[in-house]
Amino acid sequence: MTDHILSELAPLVRSVSRRNFIFGLGTAGVAVALAGCGSGEGSGGGASDEGTPQPGGTYIVGTTQVIAQANPAIGGGAGPMMIGAQVFAGLVLTADDFSPEPYLAESWQFSPDNRSVTFKIRGETTFHDGTPVTSEDVAFSILAVKKYHSFKSMFAKVTDVEAPDATTVIVRLSEPNAALLACLTPATAPILPKHIYGDGQDLRTHPRNTQDVIGSGPFRLTKFEPRTEIRMTKYDNFFQPDRPFVDEVVYRPDPSGNTILLQLQQGEIHSLRTGDSVQLQQLRAQPTIEVADKGLQAISGVGLVVVNMENQYLKNPKVRQAIAYSMDRRYILEQVLGGEAAAADSVLPPIDQFYSDNVTKYSYDVAKAKVLLAEAGYPNGFSLRIDYIPGVREFCASMAEYMKEALKAIGITATIISSPDTATLAQHISTGDYDVYLHLSLGYGDPVVGVHSLYESAAIGGPYPSNAPRYSSSEVDDLLEQAGQEMNLARRKEIYAEFQKVVSDDLPVIPFAQYRPRVAYFPAVVRNPNLGVWESLSPLKDVWVTAP
Amino acid sequence: MTMVSTPAARTGILPSATTGRVGTLLRIVVGRVMRAVSLMLAVIVVTFVLLALAPGDPTVAIGGDSGIRDAATAEAIRVEYGLDRPLIVQIGTYVGRVLRGDFGQSFVLHQSVWSAIAPRIVPTLMLSGVALVGAVVAGTLLGVFTARRPRKVISHVVTVVSIVGFAMPSFWIGLILIILFAVTFPIFPIGNMNSTMVGGGFFEHAADTLWHLVLPAFTLGVIYLAQYSRLSRASMLEVLGSDYVRTAHAKGLAPRVVVYKHALRNALIPIVTVLGTQFGHLLSGAVVVEVVFNWPGLGSLAYQSIQQRDTPLLLGILLLSAAFVLVANIVTDFIYRIIDPRIRIRRTM
């Protein structure tokens, strides 16, 4: 499925951004500004992993999310993923270079035709209730995720999962799936205990999603009060020796986010993730806080102006090019997005492993834009609507305002339509009742999961935001199909590069910036924080703290 | 029951007077309760309609966990939750359920509204209660103090500080206090009701809660304090100028006795009136302060439920607050009748 930003991972940053939107400078902004002991110096990225890991202590994660349940097998966004990655194990983890590394699976072997994969899972691994983890649990879990998770493309090609013996799992595929391993992390495919979740109840409403949650991950869930505190204690029989280091992980929700930056500044919480440029600048100004500029690729993406290609004006490529030329990227990056975002000319973000710079670029040129409009037959412009939802404030609301002005400069009169939530926006988008809209396209670990369906012609008319631009290109369809099945990484990168070039020429979407949240942490206490591709949506087994 | 014939009964003086008074009281109680019930019904209807008119789709809140994006699933959810039926039917169903004590299910948390609300009541009562009691006591004493010395500089200072305190928005006071006493001089915690790493003992836990309570209670109390000190000052000035106070002074009573025993008692009546009204708002009056301090009470829950479009939860909180206000008003009314005989006589006549 394409980008689930607004209903899926958006909560990750949305609540923080919305809070800023509502309170503006009135609250957190003023609070930190007034606390003002900032030196103004930016902090460098990177984990402080010096020293010998010290076991024990409590790691406190601040969040503005209310995490409704703890089972990421049914989706639900970043909240359940964060908790689920601690409580449940997955077959693999994602290394910093995006390659899969063994976790619950010790090894795996693809068949010569790449239509089946055989996993060997660790023996002597137990769930938190002492029951052994077997291949039956793995098979049950993958099929459950296939059935219930909203990221349908993850396991759409899985036809069956077999468990010939206690430690062997065979995943059968209808056709090769290059993204399969990327989808088997604990956050996306948690290994559930079949003896608990296989009792015939609907997994989406299973009582054990919130109470007495049992997995085989590094931490046991000991308290689940979504609006006040989620507490997890080290699982002593975790299958990786000497891990995790910390005794406890605590999530402290602060849904309004008013003082969450101050809490981090004072060390009351140890880490926090945000994508809001105002917050990031405030955090960078604090000498007691480190902002890490690495990792998080899986939950990063690009901001797009999505164009309805069935619109009578916008179906003309010259009109789309005119709009692309009307956008001043430097102004957008520095002013609209607050200086925290990097430029992006492609539909994949520069930090993605498949990013290609070899795309058609549209530099700011109002005169050229006007000529193109005239050539298209609209020298006096026309009117259109700009849709957005107030999700990530700068990328949606602020950009909508900017686009209105940019379009005005080339003679197009725009009206802004703000939808209160995803469902309302989705009604406009999936029925094609829109002209352009602001969208965040995230990767979720692999383009197959996050990107493909925004451009596949077969996805037109599918659930939001499947092929929102109503873009139909047989060339792109072929490229995406090949890329999804190509097991050779170098060749796969070439195919995605070609895809990016074609899309940049056709312009069903106009990329304007890379969207990337960051992790801020309290370096006086935190050592070796998770700064990988999935950040804290992967197990916190290597982080350690210097305070009790 | 056998009637006992006594001389008083025979003359018909005592029993008829008592029966009359009890009857009147009963009539008033029944009348007030009936009025409260009809008011509650009105509150339910109005809040239900207002929430239904708010923009946005509740299926987002309900389906958030499973990532609802397509129209068919959204429609299925609407049918499942009865959101597809006419508003009047939805209201009727809701009223019926509320009468049976069922406030429905939270859209977001998938638990009963009551189980989401119940653990929030005590923290809110604790915060508002401490703030209100502290403010009433301190405010009244400040008012008396300034009323006795209306022309002294200190009196003017107290007046100005009170007005400034009353005028400042509570979120601003809260943030300033956080910056001063939690960041610059880290004496108190920034927010929340308990520390992450607090020991398991009862006293340790209670002490930790009290430590967390200081700043939010003070923030909330400052607003109340200003009101009470102004009110008690005005009321006290009026009473101090009255004849009976002059008489008390003339009798040679000590000034302290005159002020605190004679004057203050009468000056308290308007304070009790305001206190009664505010008592009703104990559950709902601390939204902003709770949000600023991340205090896990009903106010912050209401704020979150609005943000997340969790209509049943919001309705539950609103109804509980409204019911509390109504009950508090009735109770205040009767207490008022007890402490001030003039009201009792006037109303029963």
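Bear in mind that the values here come from a model prediction, so they are computed numbers and not experimental data.

Tallying secondary structure elements over chain B gives 15 helices and zero strands in all. Evaluated residue by residue, chain B yields a buried proportion of 35% over its 349 residues. Of the contacts made within chain B by residues no fewer than 6 positions apart, 71% connect residues no fewer than 24 positions apart.

This part covers the overall build of chain A. Each helix and strand counted, chain A has 15 helices and 20 strands in total. Taking 548 residues into account, the globule formula puts the C-alpha radius of gyration at 24 Å, and chain A, at 23 Å, falls close to it. Principal axes of the C-alpha set define a box for chain A whose edges measure 75 × 60 × 40 Å. Evaluated residue by residue, chain A yields a buried proportion of 60% over its 548 residues. Residue pairs in contact within chain A that sit at least 24 positions apart in sequence constitute 75% of those at least 6 positions apart.

Residues and elements named next belong to chain B. Within chain B, residue pLDDT values average 80, and 86% of them lie at 70 or more. Between residues 1–14, whose pLDDT stays under 50, and residues either more than four places distant or in other chains, the model counts five contacts. In the predicted complex, the global pTM is 0.81; the interface-specific ipTM is 0.72.

This part covers the nonpolar core. Judged by nonpolar contacts, the single largest core of 227 residues is most densely connected at Cys183(A), Val305(A), Val307(A), Cys396(A), Met403(A), Ile510(A) and Ile317(B). Looking at which element gives the most residues to this core, the answer is helix H9 (residues 202–240) of chain B, with eleven residues. Beyond its immediate sequence surroundings of up to four residues, Cys183(A) is in contact with Met154(A), Phe155(A), Thr188(A), Ala189(A), Gly445(A), Asp446(A) and Val449(A). Ala147(B), Leu240(B), Ala263(B) and Leu264(B) belong to the second largest nonpolar core, which has nine residues in total.

Residues and elements named next belong to chain A. Counted at 1.5 Å a residue, the expected span for helix H14 (residues 474–485) with its twelve residues is 16 Å, and the 17 Å between its end C-alpha atoms agrees. Taken as a whole, H14 has its buried residues at Val 476, Leu 479, Leu 480, Ala 483 and Gly 484. An end-on view of H14 places all buried positions within 130° of arc, on one side of the element. Exposed side chains of H14 directed beyond 90 degrees from the buried face belong to Ser 474 and Glu 475. Lining the buried residues of H14 we find helix H13 (447–450) and helix H15 (489–506).

This part takes up the sheet that holds strand E7 (residues 168–173) of chain A. Residues and elements named next belong to chain A. Taken together, four strands build an open sheet; the order of strands is E4-E5-E7-E6 and the sheet is antiparallel. Strands with a single pairing partner mark the edges of an open sheet, and in this sheet they are strand E4 (105–110) and strand E6 (158–165). On average, each strand axis in the sheet is tilted by 20° relative to the strand beside it, whichever way the strands run. Relative to E7, strand E5 (residues 116–121) runs antiparallel, the two being bridged by five bridges. The residue of E7 that forms the bridge with Phe 119 is Val 169. Lying over the sheet, helix H4 (residues 135–148) contacts E5, E6 and E7, oriented at roughly 170° with respect to E6.

Before going further, it helps to spend a moment on the packing of H14(A) against H15(A). All names here are of chain A. Running from N to C, H14 and H15 cross one another at 160°; their axes reach a closest spacing of 9 Å. Classed by the angle they form, the pair H14 and H15 counts as roughly antiparallel. In this structure, the crossing between H14 and H15 has a hand that is left-handed. Contacts between H14 and H15 involve Glu 475, Val 476, Leu 479, Leu 480, Gln 482 and Ala 483 from the former and Arg 492, Ile 495, Tyr 496, Glu 498, Phe 499, Val 502 and Val 503 from the latter.

This next bit is on the packing of helix H10 (residues 243–250) of chain B against helix H11 (residues 255–280) of chain B. Residue and element names in this part refer to chain B. At a minimum axis distance of 10 Å, the contact between H10 and H11 shows a crossing angle of 145°. Note on packing geometry: the crossing formed by H10 with H11 is right-handed. Of the residues in H11, those in contact with Tyr 244, Val 245, Ala 248 and His 249 of H10 are Val 258, His 262 and Ala 263. For the contact of H10 with H11, the class distribution of residues is five nonpolar, two polar and no charged.

Residue and element names in this part refer to chain A. In spatial order, the strands read E15-E14-E16-E13-E17; together these five strands make up an open sheet with mixed pairing. Where the open sheet ends on each side, the last strands, each with one partner, are strand E15 (413–418) and strand E17 (509–515). Between one strand axis and the next, the sheet turns by 25° as a mean value, whatever way the strands run. Lying on the sheet, helix H11 (residues 393–409) is in contact with strand E13 (301–307), strand E14 (383–388), E15, strand E16 (436–442) and E17; it crosses E15 at an angle near 165°.

All right, on to unusual backbone geometry then. Put simply, Arg243(A) and Pro244(A) share a cis peptide bond, and its omega is -10°. A positive phi angle, close to 70°, is found at Asn192(B), a residue other than glycine. Here Asn192(B) lies in the loop between helix H8 (170–184) and H9.

Attention shifts here to the environment of Gly62(A). For Gly62(A), the position within the fold is in strand E1 (residues 58–63). As for Gly62(A) and Asp254(A), which are separated by 192 residues in sequence, their C-alpha atoms are 7.2 Å apart.

Before going further, it helps to spend a moment on the confidence of the model for chain A. The predicted model of chain A averages 87 in pLDDT, with 91% of residues at 70 or higher. Low confidence marks residues 1–49 of chain A, where pLDDT is under 50. Its contacts with residues over four positions away, or in another chain, come to 134 contacts.

Moving on, we come to the environment of Ser150(A). All names here are of chain A. On the secondary structure map, Ser 150 appears in the loop between H4 and E6. You can call Ser 150 buried: it has 22 C-beta atoms within 10 Å. Spatially, the C-alpha atoms of Ser 150 and Gly 75 are 5.9 Å apart, while their sequence positions differ by 75 residues.

Restricting attention to buried positions, one finds in helix H12 (residues 422–430) of chain A the residues Thr422(A), Ala423(A), Leu425(A), Ala426(A), Ile429(A) and Ser430(A). Projected down its long axis, H12(A) shows its buried positions confined to an angular sector of 155°, all on one face.

On to the pairing of strand E11 (residues 271–274) of chain A, then. Residue and element names in this part refer to chain A. Covered by surrounding structure in E11 are Ser 271 and Arg 273 together with Leu 272 and Thr 274, the residues of both alternating faces. Strand direction decides the pairing type here: E11 and strand E18 (residues 518–521), joined by four bridges, are antiparallel. What sits directly across from Thr 274, in E18, is Arg 518.

With that settled, the discussion passes to the environment of Gly275(A). Residue and element names in this part refer to chain A. You can see Gly 275 is positioned in the loop between E11 and helix H7 (277–284). Given 26 C-beta atoms within a 10 Å radius, Gly 275 is considered buried. Taking the C-alpha atoms as reference points, Gly 275 and Glu 394, separated by 119 residues in sequence, lie 9.6 Å from one another.

Cut-offs applied
Residues numbered from 1 in each chain as written. Chains lettered and ligands numbered in written order. Predicted model: local features only at pLDDT ≥ 70, side-chain atom pairs only at ≥ 80, totals over all residues. Helix = DSSP H or I, 4+ residues; strand = E, 2+ residues; numbered from the N terminus. Buried ≥ 20, exposed ≤ 12 C-beta atoms within 10 Å, placed from the backbone. Contact = placed C-beta atoms within 7 Å. Rg over C-alpha atoms; globule rule 2.2 N^0.38 Å. pLDDT = per-residue confidence, 0-100. Core = buried A, V, L, I, M, F, W, Y, C linked by C-beta atoms within 7 Å. Expected span 1.5 Å × (residues − 1). Arc of directions from axis to C-beta. Pairing = 2+ DSSP bridges. Axes fitted to C-alpha atoms, helices over the stretch in contact; angles between N-to-C directions. Parallel < 35°, antiparallel > 145°, perpendicular 65-115°, else oblique. Left-handed = near helix turned anticlockwise from the far one by under 90°. Nonpolar A, V, L, I, M, F, W, Y, C, P; charged D, E, K, R; others polar.

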